[in-house]
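Remarks on the overall topology
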Amino acid sequence: MVKKAVIEVRDLVKKYGKFTAVKGISFDVEEGEIFGIVGPNGAGKTSMVECMEGIREFNAGEIRVAGLHPIRDAARLKQKIGIQLQESQLPDRIKAREALELFAALYQKSIPWKPLVKELGLEEKMNSYYDKLSGGQKQRLSIAMALINDPEIVFFDELTTGLDPQARRIIWTLVENVRKMGKTVVLVTHFMEEAERLCDRVAIIDHGELIALDTPARLIRDVHAYYRVSFKAEEEIPESLFEEPAFIRKVHREDHHYDIEVQDVVAVADFIHLLADHDIGFVELTIHQPSLEDVFIALTGKELRE
């Protein structure tokens, strides 16, 4: 069944003076999916999303969000989308309850916020000032504010930046629950692990260009990211052992520590059997499965920038 596109972006260009931040990007976001926009800081992700939200005008191209033009239909679009606020946009001395009441008043339609904050685990923090909330609590409050108008589409921009690993995983669960509410989610992040865990499809952006778009699994498969086997050998291994098997792609050795790149998970087992067949003892064996970060590095030739 063909899914409905709720966001359509065609040949989008966004410039700041002579600098082009977004360079002719096109894609669709399907109804009910979590769509990831990933890449390093400065890649053009936020500029692109702010054009989709109607926050910034764009220089060329076409955008439709829920069938609406983000600039010409801005008032109507505001009722259909939810936007996660950045931390700096709330004053320190506003209470969490006051922030939710304020945002509910901005919309023609809003949902009762008490069940929402219960779902987000914020019931006991409603009378707390914003500057007294932890990083994770602030992000949960931003999710609540993004949902207060019962939007069709929710935009989350760098939602877990600055959070510790435990808080980040709590937020991940909440994002999955937002999709279960029937919302379409656009998730902007530079954390590849986050995108791989949450997103149905991922658009990889770098230097204002769309360099790949697909499901995480297909990106990993199609870009040919490889498995790595790392271990410490109990004795030096003859180089000739690595020359014959076709499944071995690269060998890196430092003293008795080896890092072997093989083509797939079957080749991992074949390599371990190869060591056993030649009575080569080893310890500290680890297997690295290819990830979206490997895909990004393969596509761009550099590690992610934070």
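The rules behind each value
Residues numbered from 1 in each chain as written. Predicted model: local features only at pLDDT ≥ 70, side-chain atom pairs only at ≥ 80, totals over all residues. Heavy atoms only, no water. Pairing = 2+ DSSP bridges. Helix = DSSP H or I, 4+ residues; strand = E, 2+ residues; numbered from the N terminus. Axes fitted to C-alpha atoms, helices over the stretch in contact; angles between N-to-C directions. Expected span 1.5 Å × (residues − 1). Contact = heavy atoms within 4.5 Å. Polar contact = N/O pair within 3.5 Å; in protein donor to acceptor, adjacent residues only side chain to side chain. Patch = residues over 30% accessible without salt bridge, like charges linked within 9 Å, V, L, I, M, F, W, Y side chains within 5 Å. Areas by Shrake-Rupley, 256 points an atom, 1.4 Å probe, with all protein chains shown as cover. Salt bridge = Lys/Arg side-chain N within 4 Å of Asp/Glu carboxyl O. Lys, Arg positive; Asp, Glu negative; His and termini not counted. Charge placed at Lys NZ, Arg CZ, Asp CG, Glu CD. Buried < 20%, exposed > 50% of the residue type's maximum accessible area, 1.4 Å probe, protein only.

**Topic: the sheet that holds strand β2 (residues 19-30)**
- As summarised here, the arrangement of the three strands in space is β2-β1-β4, forming an open sheet in which the pairing is antiparallel. For this open sheet the edge positions go to β2 and β4 (60-65), each flanked by a neighbour on one side alone. Ignoring which end each strand starts from, the neighbouring axes of this sheet average 15° apart.
- Across five bridges, strand β1 (residues 5-16) lies against β4 in antiparallel orientation.

**Considerations on helix α6 (residues 165-180)**
- Along its 16 residues, α6 runs 23 Å from first to last C-alpha, staying within 8% of the 22 Å computed at 1.5 Å per residue.
- Considering only its buried residues, α6 is in contact with β3 (34-38), α4 (113-119), α5 (135-147), β6 (153-157), β7 (184-189) and α7 (192-198).
- For α6, the side-chain oxygen to backbone nitrogen distance between the N-cap and Gln-166 is 3.0 Å, and the N-cap itself is Asp-164.

**Let's talk about the sheet that holds strand β13 (residues 282-288)**
- In spatial order, the strands read β11-β12-β10-β13; together these four strands make up an open sheet with antiparallel pairing. Strands at the two margins of the open sheet, each flanked by one partner only, are β11 (248-254) and β13. Across the sheet, the axes of successive neighbouring strands diverge by a mean angle of 15°, strand direction being ignored.
- Note: β11 against strand β12 (residues 257-262), six bridges, orientation antiparallel. Across the sheet, residue Lys-250 finds its bridge partner in β12, namely Glu-261.

**Quick look at a negative patch on the surface**
- A cluster of like negative charges, contributed by Glu-234, Glu-235, Asp-277 and Asp-279, occupies part of the molecular surface.
- By secondary structure assignment, the location of Asp-279 is in the loop between α9 (265-277) and β13.

**Section: the pattern of salt bridges**
- Summed over all chains, the structure comprises 18 salt bridges.
- With a closest N to O distance of 2.4 Å, Asp-150 and Lys-183 form a salt bridge. Of this pair, Asp-150 sits in the loop between α5 and β6 while Lys-183 sits in the loop between α6 and β7, and the two are 33 residues apart along the sequence.
- Between Glu-261 and Arg-249 there is a salt bridge, with its nearest N and O atoms 2.3 Å apart. A residue pair is termed long-range when its members are at least 10 positions apart, and Glu-261 in strand β12 and Arg-249 in strand β11 qualify at twelve residues.
- Looking at Glu-261, the relative accessible area reads 17%, which means it is buried.
- Since its relative accessible area comes to 38%, Arg-249 is described here as partly exposed.
- One salt-bridge network, in which partners are shared between bridges, spans Lys-109, Asp-150 and Lys-183.

None of the figures reported here should be taken as evidence of function without further support.
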